Amino acid sequence: MNSKEYPLVHGDAARVDQEEGRAFHFQATGVVDMESAYLKRTVEDRVASALRAGKSCFLVAPRQVGKSNLIRHVREALRREGDRVAIIDMAGIVGADSTTEGEWCYSFSRSVKKGLKSNIDLESLWDAESEHSDTEKLKRALEAFGTEDLSRSVVLFIDEADILLGLPFLERVFDALLNQGRGDTNQKDVPTVCFVGTRIGSAVSNIKTTLPSTPEIFKLDDFTREELRPMESGLTQLGAPAEALMDIVFTWTNGHPALTQVLCEQLVRQGETPERAEDRVYSIVRERFMDAKRRDGIALDIEEHLLAGDDTARTAVLVCWEQLRTESVHYDVHNPAHERILMSGIARLRGEALVPRNAIFQNVFDQAWIEKMRGNLGEDAETVEDSLREKT
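It should be emphasised that the depicted structure is a prediction, and the values quoted were computed from it without experimental measurement.

**Student:** Tell me what's going on with the sheet that holds strand S4 (residues 84–89), and back it up with residues and numbers.
**Tutor:** In sheet architecture, strand pairing relies on hydrogen bonds along the backbone and comes in two forms, parallel and antiparallel. Ordered in space as S4-S5-S6-S3-S7, the 5 strands form an open sheet in which the pairing is parallel. Of all strands in the sheet, those bounded by a partner on one side alone are S4 and strand S7 (216–219). Taking the axes of each pair of neighbouring strands and ignoring which way they run, one obtains an average angle of 20 degrees across the sheet. Judged from the 4 bridges that link them, strand S3 (residues 57–60) and strand S6 (residues 192–197) form a sheet pairing that is parallel. Counted as the bridge partner of phenylalanine 58 is phenylalanine 195 from S6. Together, S3 and S6 form the strand contacts of helix H6 (residues 170–178), whose direction differs from that of S6 by roughly 135 degrees.

**Student:** Provide a residue-level description of the packing of aromatic side chains, including the pertinent values.
**Tutor:** Applying the stated criterion across every chain yields a total of 9 aromatic pairs. Relative to phenylalanine 195, the ring of phenylalanine 58 has its centre 5.1 Å away and its plane inclined at 20 degrees; by these criteria the two rings are stacked. Here phenylalanine 58 is found in strand S3, whereas its partner phenylalanine 195 is found in strand S6, with 137 residues between them in sequence. Judged by its relative accessible area of 0%, phenylalanine 58 falls in the buried class. Accessibility expressed as a relative area gives 0% for phenylalanine 195, which makes it buried. Ring centres 6.2 Å apart and planes at 65 degrees place the aromatic pair tryptophan 104 and phenylalanine 169 in the edge-to-face group. A residue pair is termed long-range when its members are at least 10 positions apart, and tryptophan 104 in helix H3 (residues 101–116) and phenylalanine 169 in the loop between strand S5 (154–159) and H6 qualify at 65 residues. Exposure remark for tryptophan 104: the relative accessible area of 3% places this residue in the buried category. Residue classification places phenylalanine 169 among the buried residues on the basis of a relative accessible area of 5%. Three or more aromatic residues link up through ring pairs in this structure, and these residues are Phe58, Phe174 and Phe195. Over the ring of phenylalanine 223 we find arginine 41, and its NZ or CZ is 3.9 Å from the ring centre.

Calculation notes
- Residues numbered from 1 in each chain as written.
- Predicted model: local features only at pLDDT ≥ 70, side-chain atom pairs only at ≥ 80, totals over all residues.
- Heavy atoms only, no water.
- Pairing = 2+ DSSP bridges.
- Helix = DSSP H or I, 4+ residues; strand = E, 2+ residues; numbered from the N terminus.
- Axes fitted to C-alpha atoms, helices over the stretch in contact; angles between N-to-C directions.
- Contact = heavy atoms within 4.5 Å.
- Phe/Tyr/Trp six-rings, centres within 6.5 Å; stacked < 30°, edge-to-face > 60°.
- Buried < 20%, exposed > 50% of the residue type's maximum accessible area, 1.4 Å probe, protein only.
- Lys NZ or Arg CZ within 6 Å of the ring centre and 35° of its normal.

By themselves, these observations are geometric and do not establish any function.
Have a look at this one:
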């Protein structure tokens, strides 16, 4: 999908420049301007504090909630303090399904070197450690990055960290990465790591590492209504109270960052109109999402992740989502359909129950959509569905 067509997925907002007294435009596409269009999240300071203390951690969140922009913001803050910080995108590392452990560890080390702009000679280091295991070489490489400049700490963000879960040698990789944390020693000779993903935090608890304890898990959720207050500054002079407009937007998006950006941007583009505030927001929802259905990139992304897999997996997801649209479903971490629905970003957890993430998704992925998707399944889908309904 062309990046120009894809609404920016983040938790950032237009805000007032107090010196110039003007509101910035909402930014629903492109790369967010960290100086003029960033709305700080509550969890950001906690993540930064942990990393400053040399404590590795996990940042977990559903899709499309602003993880990438948050870690970019923390990265820049830590760099201003003098730290060496790199964001390593796991999607750019040699794939787990077509690589050896040695190839993966070397590819990862090269990505760290590039991100830190390091002068470490990895090839020579790898040759010198030939008698050691591949993950031991990775550990030695991380130590080399940490000791390259002892006056500055090294912090690594591992973005799209869920990809790690497909590694057959995952436990050894975690031992190499997580054992690098400085803890409370204030040493600057080993990197501190923050894993960023949707499932990685809960999955690591099942991995037997040599760590004395599991690193802290920080959770990033959709905006609360209170967190959206600064965004109201971008909704002034539109013919209706900014607070009222944001209340209606929140009713539809439930704080989903990208959806909130899209609706607010469209309101600003419309300018002042004689329509009631409720009708103005509804017309945007209808035209952008409900009438055109999955034409919008946000919904396309949801559908792609929701319906991945074979017909049996898709059938299970559709049965669960059909139930979920009308009543909450107790979340079962061992149920693949529950996991798929949660990870796709179409639903969220409220306590121990799965519930639709927001009213827009509940209306876009409606009963008509469910029936259409059923029509694309194979002949055995009906038998599978009957079996699933008997179990529930």
